[in-house]
Amino acid sequence: MYRRALGRLLSSHTVMADISALRVNYETKDTLNIENLPTTDPLQLFSQWFEDARSCNSILEPNAMTIATADKNGYPSARMVLLKGFDSTGFQFYTNYSSYKGSQLAENPRAALLFYWEPLHRQVRIEGTVERLSATTSDEYFASRPHASQLGTASSQQSTPIRCREVLMEKYSELEQLYPSGQKSVPRPVNWGGFLIVPHAIEFWQGQSNRLHQRIQFKKDVQDEVDKSFVKTGSTGWFYYLLSS
Ligand SMILES: Cc1cc2nc3c(=O)[nH]c(=O)nc-3n(C[C@H](O)[C@H](O)[C@H](O)COP(=O)(O)O)c2cc1C
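In this text, all values refer to a predicted model and were calculated from it rather than measured experimentally.

Enquirer: Help me understand the site of the ligand, please; the structure alone is not making it clear to me.
Expert: Every residue near the ligand is listed here: Glu-61, Arg-79, Met-80, Val-81, Leu-82, Tyr-94, Thr-95, Ser-99, Tyr-100, Lys-101, Gln-158 and Ser-159. Between the ligand and the protein, one listed contact pairs an oxygen atom with a side-chain N or O atom of Lys-101 at 2.6 Å. Coverage of the ligand by the protein amounts to 65% of the 620 Å² it exposes when considered alone. If you list the elements that add at least two residues to the shell around the ligand, you get strand 2 (76-82), strand 4 (90-96) and helix 3 (100-107). No other element matches the 4 residues that strand 2 contributes to the shell around the ligand. Grouping the amino acids of the shell around the ligand by side-chain chemistry returns 5 nonpolar, 4 polar and 3 charged.

Enquirer: Hey, could you run me through the environment of Pro-146 in this one?
Expert: Tracing the sequence through the fold places Pro-146 in the loop between helix 4 (135-144) and helix 5 (147-155). Assessed through its relative accessible area of 53%, Pro-146 is described here as exposed. Considered as a pair, Pro-146 and Ser-181 are 35 residues apart in the sequence and their alpha carbons are 9.7 Å apart.

Enquirer: Just checking my understanding: could you explain the layout of surface pockets for this structure?
Expert: Estimates place the volume of the largest pocket at around 280 Å³. If you trace the largest pocket, you find 14 residues lining it, with Tyr-94, Thr-95, Arg-145, Gln-158 and Trp-192 closest to the centre. Residue assignment for the lining of the largest pocket shows that the elements contributing at least two residues are strand 2, strand 4 and helix 5. With 3 residues, strand 4 is the largest single contributor of residues to the lining of the largest pocket. When grouped by side-chain class, the residues that make up the lining of the largest pocket number 5 nonpolar, 6 polar and 3 charged.

Enquirer: Sorry if this is basic, but what is going on with the pattern of salt bridges here?
Expert: Two side chains of opposite charge can pair, provided their charged atoms sit close to one another. Taken as a whole, this structure holds 9 salt bridges when the rule is applied. Salt-bridge contacts for Lys-232 lead to Glu-35; the nearest nitrogen and oxygen are separated by 3.7 Å. Of the two residues, Lys-232 sits in strand 9 (residues 232-233) while Glu-35 sits in the loop between helix 1 (2-11) and helix 2 (42-54), which places them 197 residues apart along the sequence. We classify Lys-232 as partly exposed; its relative accessible area is 27%. For Glu-35, a relative accessible area of 61% corresponds to the exposed category. Of the charged contacts in the structure, one is a salt bridge between Asp-139 and Arg-188, with a shortest N-O distance of 2.6 Å. Of the two residues, Asp-139 sits in helix 4 while Arg-188 sits in the loop between helix 6 (165-178) and strand 7 (192-206), which places them 49 residues apart along the sequence. By relative accessible area, which is 38% here, Asp-139 ends up partly exposed. One salt-bridge network, in which partners are shared between bridges, spans Arg-125, Glu-203 and Arg-215.

Enquirer: Help me understand helix 3, please; the structure alone is not making it clear to me.
Expert: An α-helical segment advances 3.6 residues per turn. Residues three or four places apart therefore align on the same side. All of the buried residues in helix 3 are Lys-101, Gly-102, Gln-104 and Leu-105. Seen from one end, helix 3 has its buried residues packed into an arc of 165 degrees, which puts them on one side. In the core, the buried residues of helix 3 are packed alongside strand 1 (64-70), strand 2, strand 4, strand 5 (110-117), strand 6 (122-132) and strand 7.

Enquirer: How should I be thinking about the packing of aromatic side chains in this particular structure?
Expert: Counted by the stated rule, this structure contains 19 aromatic pairs. When the centroid spacing of 6.2 Å and the interplanar angle of 75 degrees are considered together, the rings of Phe-50 and Trp-117 count as edge-to-face. Here Phe-50, found in helix 2, pairs with Trp-117, found in strand 5; they are 67 residues apart in sequence, far enough to count as distant. Residue class for Trp-117 comes out buried when judged on its relative accessible area of 2%. An aromatic cluster is present here, built from Phe-46, Phe-50, Phe-86, Phe-91, Phe-115 and Trp-117 joined pairwise through their rings. The ring of Tyr-97 carries the charged tip of Arg-132 above its face, separated from the ring centre by 3.7 Å.

Rules behind the numbers
- Residues numbered from 1 in each chain as written.
- Predicted model: local features only at pLDDT ≥ 70, side-chain atom pairs only at ≥ 80, totals over all residues.
- Heavy atoms only, no water.
- Near = heavy atom within 4 Å.
- Polar contact = N/O pair within 3.5 Å; in protein donor to acceptor, adjacent residues only side chain to side chain.
- Areas by Shrake-Rupley, 256 points an atom, 1.4 Å probe, with all protein chains shown as cover.
- Helix = DSSP H or I, 4+ residues; strand = E, 2+ residues; numbered from the N terminus.
- Nonpolar A, V, L, I, M, F, W, Y, C, P; charged D, E, K, R; others polar.
- Buried < 20%, exposed > 50% of the residue type's maximum accessible area, 1.4 Å probe, protein only.
- 1 Å grid on protein atoms, 1.4 Å probe; cavity = no way out; pocket = protein on both sides within 12 Å on 5 of 7 lines; lining within 4 Å.
- Points joined across faces, edges and corners; volume = space filled by probe spheres on them.
- Salt bridge = Lys/Arg side-chain N within 4 Å of Asp/Glu carboxyl O.
- Arc of directions from axis to C-beta.
- Contact = heavy atoms within 4.5 Å.
- Phe/Tyr/Trp six-rings, centres within 6.5 Å; stacked < 30°, edge-to-face > 60°.
- Lys NZ or Arg CZ within 6 Å of the ring centre and 35° of its normal.

By themselves, these observations are geometric and do not establish any function.
Pasting the structure below:
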């Protein structure tokens, strides 16, 4: 009896939870009116949305973002990183230049960033070209990090396979002795530093209760794929238009 039941269970697909009905009804919190935007500079608009996310108590890491990169053959990969600064030149984050993402960026210096601030029903998509930040900027940021983070970064050849976790722990202890906290500063590893994503497209998405979500695309350069009569001229060299949801 038990065996037959178990057999049925294993042969059916009921082991996997049915998630097809999972959905949240977004109550419309804000609207994104293309006729009445607070600013037509997407970096300024991003800054306003970022501040909204920052002051939202239920968003613990407003600067957590996904970065998607691809190798020279076009194979994509994505992971989370932390945004560490942004201004009119673009968006900054720090990582190991020899990591998987670092190698992909070396051979294909393009990336897409994604923010999703769930309690606000907001998504921002950014696409652009990528360049390294200067060694001086990376030095300054590295020096500002907590000592334990500096040691952690210096202990790890990010993304390389290792035999066991002790390899990392041993390296960490070794460096901890070389650079005791409060006595000797940890030098920035040469293969660790910042990247700048220089955006050429930024899309703002505001979820709506009727699923006709609002989307506004900003682009530096609009080609023939967009009907010119849809396109508005924004500030600081950007154009913008609506996208269907
Ligand atoms: C919330 C969050 C923030 C992260 N921030 C960073 C970061 O700023 N820099 C970084 O190199 N890795 C960060 N990581 C780890 C990366 O997701 C990833 O594991 C690591 O960078 C190696 O990625 P790669 O093998 O694709 O190069 C973060 C992970 C999470 C979950």
